[in-house]
Amino acid sequence: MKSVGDVDAGGLEHWLQRLGLSIAIVPDRVAIPGTYWGEPEAGIVGTTVYASATTPLHSLLHEASHILMHAPTVRHRLLTDAGGTDPVEESVCALQLALADTLPGYSAQRCLGDMDSWGYSFRQGSAVAWYSEDAPIARRRWPDHVRALIERVSALENVAASH
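Read on for an overview of the structure. Since the structure is predicted, the reported quantities are computational estimates derived from the model, not experimental observations.

## Structural notes on the pattern of salt bridges
Argument step 1. The final tally for this structure, using the stated rule, is 2 salt bridges.
Argument step 2. A salt bridge links Glu90 to Arg141; the shortest N-O distance between them is 4.0 Å. Pair noted here: Glu90 is in helix H3 (residues 86-100) and Arg141 is in the loop between helix H6 (135-140) and helix H7 (144-161), with a separation of 51 residues, a long-range link.
Argument step 3. Judged by relative accessible area, which is 22%, Glu90 ranks as partly exposed.
Argument step 4. Given the relative accessible area of 38%, Arg141 is considered partly exposed.
Argument step 5. Arg110 is paired through a salt bridge with Asp114; the nearest N and O atoms lie 3.5 Å apart. Taken together, the residues Arg110 and Asp114, both in helix H4 (residues 108-118) and 4 residues apart, mark about one turn of the helix.
Argument step 6. Relative accessible area serves as the criterion here: at 4%, Asp114 is assigned to the buried category.

Structure below.
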């Protein structure tokens with residue numbers, strides 16, 4: 001499973017900033033603020049994602065996606081549990097995978113494998129099966145601000161790729 005320590009910290013920070021988020025890297029053996037599942041899983045406090053070097057990248061992406069799913073005007077109130085129904089959770093997973101393809105050194109395919117290794121549970125039995133069957137439905141539930149964000153990030157990726 002690929003972790004935060006496996007990618008360039010400066011690049012990760014810059015990538016999150018482009019999304020309107022920040023990251024706080026917590027030293028080893030220090031409690032991760034705002035973690036829902038406990039260490040080494042990522043935590044959220046407002047628009048900051050907390051992680052350690054051993055935090056799985058899929059966890060960081062998932063928590064970042066939870067923040068982004070909320071309207072920008074309420075994100076500052078988030079603490080640990082971003083809440084949501086099963087359909088919201090599926091929309092978060094779909095966003096997590098869309099973002100994985102924009103994170104240098106990671107991909108949606110790798111993220112799907114990491115999700116299965118971690119133990120995400122989908123009625124289809126695997127993240128890959130869920131992705132092919134239900135992710136398109138989950139993406140249709142994205143609020144307009146998430147669609148605009150994905151378009152902006154994709155445009156930035158296309159510009160970077162052409163240089």
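## Side note on the environment of Asp8
Argument step 1. Among the secondary structure elements, Asp8 is positioned in the segment before helix H1 (9-18).
Argument step 2. Look at Asp8 and you get exposed, because its relative accessible area is 56%.
Argument step 3. A C-alpha to C-alpha distance of 8.9 Å links Asp8 and Pro104, two positions 96 residues apart in sequence.
Argument step 4. In terms of polar contacts, Asp8 uses its side chain to reach the backbone amide nitrogen of Gly11, at 2.6 Å.

## Observations regarding a nonpolar patch on the surface
Argument step 1. Taken together, the side chains of Met1, Tyr36, Trp37 and Trp118 make up a nonpolar region of the molecular surface, amounting to roughly 480 Å² of accessible area.
Argument step 2. Structurally, Met1 can be placed in the segment before H1.
Argument step 3. Overall, the relative accessible area of 47% leaves Met1 in the partly exposed class.

What counts, and at which threshold
Residues numbered from 1 in each chain as written. Predicted model: local features only at pLDDT ≥ 70, side-chain atom pairs only at ≥ 80, totals over all residues. Heavy atoms only, no water. Salt bridge = Lys/Arg side-chain N within 4 Å of Asp/Glu carboxyl O. Helix = DSSP H or I, 4+ residues; strand = E, 2+ residues; numbered from the N terminus. Buried < 20%, exposed > 50% of the residue type's maximum accessible area, 1.4 Å probe, protein only. Polar contact = N/O pair within 3.5 Å; in protein donor to acceptor, adjacent residues only side chain to side chain. Patch = residues over 30% accessible without salt bridge, like charges linked within 9 Å, V, L, I, M, F, W, Y side chains within 5 Å. Areas by Shrake-Rupley, 256 points an atom, 1.4 Å probe, with all protein chains shown as cover.

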